[in-house]
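Structural overview
Residue-level listing of the chains:
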Amino acid sequence: MKQEKELKQLLTGQKFVSSEYDLALLESTKTYARAYARATEGVGVVSDFHNSVCYIYAGKFGQYFFGLPEYLEDYETAFENVIFDRVVKEDLLERHILELSFIAYLKNVPANQKSEYLASCFLRIYNERRSDTMQILHTTRYLNCLSNGSIWCGLCTYSPFPQTSLGLNGGIVNTYTGITVNKEEYRQSNNNLLSKRQKEILGFLAKGLGSKQIAEYLNISFNTVNRHRQDILSVLRVKNTVAAVEIGIKMNLI
């Protein structure tokens, strides 16, 4: 999915300070992932965004359901594509939106507190053995955050969860206090993703207006509208206007 590709580039394209890289912290994070896989029989994934390396630990369920080995190092990517490729398209989009909200929210959180939060949601994943889907509980935490706010490592987990509904429910939790962040609180962070003018233009795009019509209506130049359109796509990490409008509506930006 193009949106997912853009989100990955957002994480791997951060500004990293190599002098702050701590192998001990990376090994600690890998220990967490391995312990999770063993305790739940699910999957624990460590993403090293700086070096674009992915470390995957799979328990019995992870090995059976995803066909993973007990331990896998992928030096081609920092992301667990072997799992993403089997997520139902609609849920992958919802996960994209939640993670975009999560990243936006963490920008206002001090670097030494970012790791206290996690984002969680349910994902429907294709069950190739039975030709149906299974509901998986997925969580994301960003660990080893640098002084400049960049996130060095991510820890993602996957485990089976009882099927209750077809919708995707997700949120952000402070793992230190156990308190769930109120949706209205991180929706306020969503509102800051785009400027007032960008929201205005996105709203016109949702109504089907072209750049020329928008320029005439707002009394600004055609080039200015196009520049705003490109900025909107960049901020929302999507490739086209249709995807931007879809995400804009879901995030209540228009």
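In this text, all values refer to a predicted model and were calculated from it rather than measured experimentally.

**Some remarks on the overall build of the chain**
For the chain, the helix and strand inventory stands at ten helices and seven strands. Compactness check: the chain gives a C-alpha radius of gyration of 19 Å against a globular reference of 18 Å for 254 residues, within 12% of the reference. Its C-alpha atoms give the chain principal-axis dimensions of roughly 60 × 50 × 35 Å. Taking all 254 residues of the chain together, 48% fall into the buried category. Contacts in the chain between residues at least 24 apart in sequence constitute 61% of all its contacts with a sequence separation of at least 6.

**Points about the environment of L23**
By the element assignment, L23 lies in helix α2 (residues 23-40). Spatially, the C-alpha atoms of L23 and L194 are 37 Å apart, while their sequence positions differ by 171 residues.

**Focus on the pairing of strand β4 (residues 117-127)**
With ten of eleven residues buried, β4 lies mostly within the body of the structure. Across five bridges, the pairing between β4 and strand β7 (residues 170-174) is antiparallel. Across the sheet, the residue bridging to C121 is G170, located in β7. The antiparallel pairing of β4 with strand β5 (residues 132-145) creates a hairpin that spans four residues between the two strands, and S131 there sits at a positive phi of about 55 degrees.

Conventions adopted
Residues numbered from 1 in each chain as written. Predicted model: local features only at pLDDT ≥ 70, side-chain atom pairs only at ≥ 80, totals over all residues. Heavy atoms only, no water. Helix = DSSP H or I, 4+ residues; strand = E, 2+ residues; numbered from the N terminus. Rg over C-alpha atoms; globule rule 2.2 N^0.38 Å. Buried < 20%, exposed > 50% of the residue type's maximum accessible area, 1.4 Å probe, protein only. Contact = heavy atoms within 4.5 Å. Pairing = 2+ DSSP bridges.

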